Amino acid sequence: MPTLTANGIRIAFDTSGDAKSTPLLLIHGLGMQLTSWPDEFVDGLVELGFYVIRFDHRDCGLSTKFDRAGKPNPVLGWLKSRLKLPLKPAYRLDDMAEDALGVLSSLGVARAHVVGVSMGGMVGQILAARYPQRVLSLTSIMSSSGRRGLPGPSPAIRQALLRRPANPDDVESIIDTAVALQQAIGSPAYPTPEKQLRRRAARSLRRCYSPAGVARQMLAITSAPERGELLRAIPVPTLVIHGAADPLVPLACGEDTAAQIPGARLEVIQGMGHDLPSQLNERMLALIDANARGKMAPDSTPRLYVGQ
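Residues numbered from 1 in each chain as written. Predicted model: local features only at pLDDT ≥ 70, side-chain atom pairs only at ≥ 80, totals over all residues. Heavy atoms only, no water.

**Focus: helix H3 (residues 93–106)**
And then number 1: The first and last C-alpha atoms of H3 sit 20 Å apart over 14 residues, in line with the 20 Å expected at 1.5 Å per residue.
And then number 2: Of all the residues in H3, the buried ones are Leu 93, Met 96, Ala 97, Asp 99, Ala 100, Leu 101, Gly 102, Val 103 and Leu 104. (Helix = DSSP H or I, 4+ residues; strand = E, 2+ residues; numbered from the N terminus. Expected span 1.5 Å × (residues − 1). Buried < 20%, exposed > 50% of the residue type's maximum accessible area, 1.4 Å probe, protein only.)

**Looking at the sheet that holds strand S3 (residues 22–27)**
And then number 1: Taken in spatial order, the 8 strands line up as S1-S2-S4-S3-S5-S6-S7-S8 in an open sheet, and their pairing is mixed. Strand pairing shows two members of the sheet lacking a second neighbour, strand S1 (3–6) and strand S8 (265–269), which therefore form its edges. The average angle at which neighbouring strand axes cross in this sheet is 25°, direction not considered.
And then number 2: Taken strand by strand, H3 contacts S1, strand S2 (9–16), S3, strand S4 (50–55) and strand S5 (112–117), and its axis lies near 115° from that of S1.
And then number 3: Strands S3, S4, S5, strand S6 (135–141), strand S7 (238–243) and S8 of the sheet are contacted by helix H11 (residues 281–292), whose axis makes an angle of about 150° with S6. (Pairing = 2+ DSSP bridges. Axes fitted to C-alpha atoms, helices over the stretch in contact; angles between N-to-C directions. Contact = heavy atoms within 4.5 Å.)

**Some details on the packing of H3 against helix H4 (residues 119–130)**
And then number 1: Orientation of H3 relative to H4, taken along the N-to-C sense of each, is 75°, at an axis distance of 9 Å. It follows that H3 is roughly perpendicular to H4 by the angle criterion. Residues Leu 93, Asp 94, Met 96, Ala 97, Ala 100 and Leu 101 of H3 lie in contact with H4, whose contacting residues are Met 119, Met 122, Val 123, Ile 126, Leu 127 and Arg 130. (Parallel < 35°, antiparallel > 145°, perpendicular 65-115°, else oblique.)

**Structural notes on the environment of Ile 53**
And then number 1: Residue position: Ile 53 is located in strand S4.
And then number 2: In this structure Ile 53 comes out as buried when scored by relative accessible area, which is 0%.
And then number 3: Residues Ile 53 and Leu 34 lie 19 residues apart in sequence; the distance between their C-alpha atoms is 9.3 Å.
And then number 4: Ignoring any residue separated from it by four or fewer positions in sequence, one finds Ile 53 in contact with Asp 14, Thr 15, Pro 23, Leu 24, Leu 25, Leu 26, Val 103, Leu 104, Leu 107 and Val 109.

Read these as spatial facts, not as claims about activity.
Okay, here's the thing in structure tokens:
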């Protein structure tokens, strides 16, 4: 797997398609590696004529780890956030956006379409707001504006997110825990077979296993300020996709994101949770392609939010 140096760290990356085609940068979510993007999703983007760029975030996959910063306590971080107490993350989402920018610069890409999922959507939002001259369009999927007061995961989902393997030294135990989480947050109307989830978990585990890195990424999310002001500054065509059945980042988070970005289009998918099920692959690709090609009209639906 090739690596590059950007923003002072080593970043693993991969590209697919013709380098002369229109660049599209994929930014994945919490603890997810570049190999976590479904192959058929990447292949579909290439068939649509994009030069697809993927990379491992800092602290996951084959990119630089920040182990010297130690492993934070996610529960304590969440409590401090709720109580508005100061947090000291090893890095911030802004740093991760700079990493993404560094990937584009290192590859000689002047401008790219950006597609971000969950935490990757947050990183993409920052990238589009701070460096609009480098972003052709933004697609923010199952993500959030970070506005205080928005609903979060249920206690059961939060527990699943924080659950540790019964035996952290046993591969099957680690896979069991990963599969249980994916089943808890996945799309109820589009379930992924357990065998497929186990294969994905095993593949990721063989490539990299860094629970401390995931905890540090989680603290970067928890400590992030609201992005309302940034979102209102995004000038590029923006599509927000969210599942109506998302139990981890509820639909209200996607609705608020779309409401904050001028001219953004919101697409709500019924029965979709917090994953990218293969059954929705064709629909997701069509939406991303339409936004990238400027064929999606802005969403003018009025929305009212408590606290605005």
